[in-house]
Amino acid sequence: MCHYAYGAGRPAHKEAVREHEVKPFHHEAAFLRCRPYGAQGTLDGQEPMAAAARAAQSP
């Protein structure tokens, strides 16, 4: 997600924001940051939320 939103090599997000400014595709729009409270499944064979929780608890 971060790579899509901020990665210089993939400007798709910036292009979508520009297009929305020119011709809104939603009646109302909001760009927010949300903290996930749970997850189900795996990403590349790993459960990402458990790894993130362990990293957050490490000193």
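Per chain, residue numbering runs from 1 following the sequence as it is written. With pLDDT at 70 or above as the cut-off, local features in this predicted model cover only qualifying residues; side-chain atom pairs require 80 or more to be listed or tallied, and sums for whole chains, interfaces and linings still use all residues. Processing note: side-chain calculations cover all non-hydrogen atoms of the structure and skip hydrogens and water entirely.

S.K.: Describe in detail the overall build of the protein, supporting the description with residues and values.
M.R.: The number of helices and strands found in the protein is 3 helices and 0 strands. Numbering of helices and strands runs from the N terminus, with a helix taken as a DSSP run of H or I at least four residues long and a strand as a DSSP run of E at least two residues long. Its helices and strands taken in sequence order, the protein reads α-α-α from the N to the C terminus. Using the Shrake-Rupley algorithm and a 1.4 Å probe, accessible areas are obtained, with residue cover drawn only from the displayed protein chains. Summing over all exposed atoms, the protein offers an accessible surface of approximately 5,900 Å²; the carbon and sulfur share of this is 56%.

S.K.: So what's going on with unusual backbone geometry? Which residues, and what values?
M.R.: Most peptide bonds adopt trans geometry, and most residues besides glycine take a negative phi value. Phi at aspartate 44 is positive, roughly 55 degrees, even though this residue is not glycine. Here the term buried applies to any residue with accessible area under 20% of the maximum for its type, exposed to any over 50%, and partly exposed to those in between, with areas from a 1.4 Å probe on protein chains only. Aspartate 44 sits in the exposed class, given a relative accessible area of 76%.

S.K.: How would you summarise the confidence of the model for the protein if you had to cite specific residues and measurements?
M.R.: pLDDT expresses how confident the predictor is about each individual residue, on a scale running from 0 to 100. Summarising the model, the protein shows a mean pLDDT of 77, and 90% of its residues fall at 70 or more. No element of the protein has a lower mean pLDDT than helix 1 (residues 2–6), at 69, and none a higher one than helix 2 (residues 12–22), at 81.

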